[in-house]
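These are the residues of each chain, in order.
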Amino acid sequence: MSVALYSASGNNAILQGTSVGGTKPLHRFIKGQPKIIGVIVLILGSSFFIPCISLLFLTHVFRIMWGIIPSGIVLGSLFITCGILFILTQHNPTKKTVTMSLALSIMTVLGICWTTLNILPDIIHSHLYRHYEDLEENTTESV
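1. Points about the confidence of the model for the protein chain
- The predicted model of the protein chain has a mean per-residue pLDDT of 75, with 65% of residues at 70 or higher.
- When mean pLDDT is taken per element in the protein chain, helix 4 (residues 71-91) scores highest with 90 and strand 2 (residues 15-19) scores lowest with 45.
- Counting contacts from residues 15-19, a segment whose pLDDT is below 50, to residues more than four positions away or on other chains yields eleven contacts.

Structure below.
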């Protein structure tokens, strides 16, 4: 995108070309439209967070498999915070908000790697879990 600037000195109005944006990291970040990315990340975070909360209250096996805090809740909260920060950065683009949003994005990527490494053994060995509910339904009592 370019802007036409006219010199205000005298009758010789000279057309100057200049580009909006620049090559600074702040300008490159704003060109990427962080508000749209923030809305997408916010929706992704809520899609992690809401099913994880419902599964936490519905099943007992889910609590045993994950321990104290399920990784879906951690990832969902990271994504939601990152999305809100991206939207705020679009409205108030300062060096601090851009730095915080990029740092939180890096933390979210590290959280994704941690969650993947945490979930993988459970997925691989999930066929070894005993499902006592299934066993109780198929038994017959003999007197």
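2. Structural notes on the nonpolar core
- F29, V41, L75, L78, F79, C82, L85, F86, V98 and L104 form the largest nonpolar core, which has ten residues in total.
- Of all the secondary structure elements, the ones that give two or more residues to this core are helix 4 and helix 5 (95-124).
- Of the residues forming this core, the biggest block, six residues, is contributed by helix 4.
- Not counting the four nearest positions on each side in its chain, L104 is found in contact with L78, T81, C82 and L85.

3. Re a nonpolar patch on the surface
- There is a patch of nonpolar side chains on the surface, built from I68, I69, V74 and W114 and spanning about 450 Å² of accessible area.
- Relative to the assigned elements, W114 resides in helix 5.
- Given a relative accessible area of 46%, W114 falls into the partly exposed group.

4. Considerations on the packing of helix 2 (residues 34-58) against helix 4
- Packing of helix 2 against helix 4 brings their axes to within 7 Å, and their N-to-C directions diverge by 155°. The angle between the axes of helix 2 and helix 4 places the two elements in the roughly antiparallel class. For the pair helix 2 and helix 4, the crossing hand works out as left-handed.

Criteria and cut-off values
- Residues numbered from 1 in each chain as written.
- Predicted model: local features only at pLDDT ≥ 70, side-chain atom pairs only at ≥ 80, totals over all residues.
- Heavy atoms only, no water.
- pLDDT = per-residue confidence, 0-100.
- Helix = DSSP H or I, 4+ residues; strand = E, 2+ residues; numbered from the N terminus.
- Contact = heavy atoms within 4.5 Å.
- Core = buried A, V, L, I, M, F, W, Y, C linked by side-chain atoms within 4.5 Å.
- Buried < 20%, exposed > 50% of the residue type's maximum accessible area, 1.4 Å probe, protein only.
- Patch = residues over 30% accessible without salt bridge, like charges linked within 9 Å, V, L, I, M, F, W, Y side chains within 5 Å.
- Areas by Shrake-Rupley, 256 points an atom, 1.4 Å probe, with all protein chains shown as cover.
- Salt bridge = Lys/Arg side-chain N within 4 Å of Asp/Glu carboxyl O.
- Axes fitted to C-alpha atoms, helices over the stretch in contact; angles between N-to-C directions.
- Parallel < 35°, antiparallel > 145°, perpendicular 65-115°, else oblique.
- Left-handed = near helix turned anticlockwise from the far one by under 90°.

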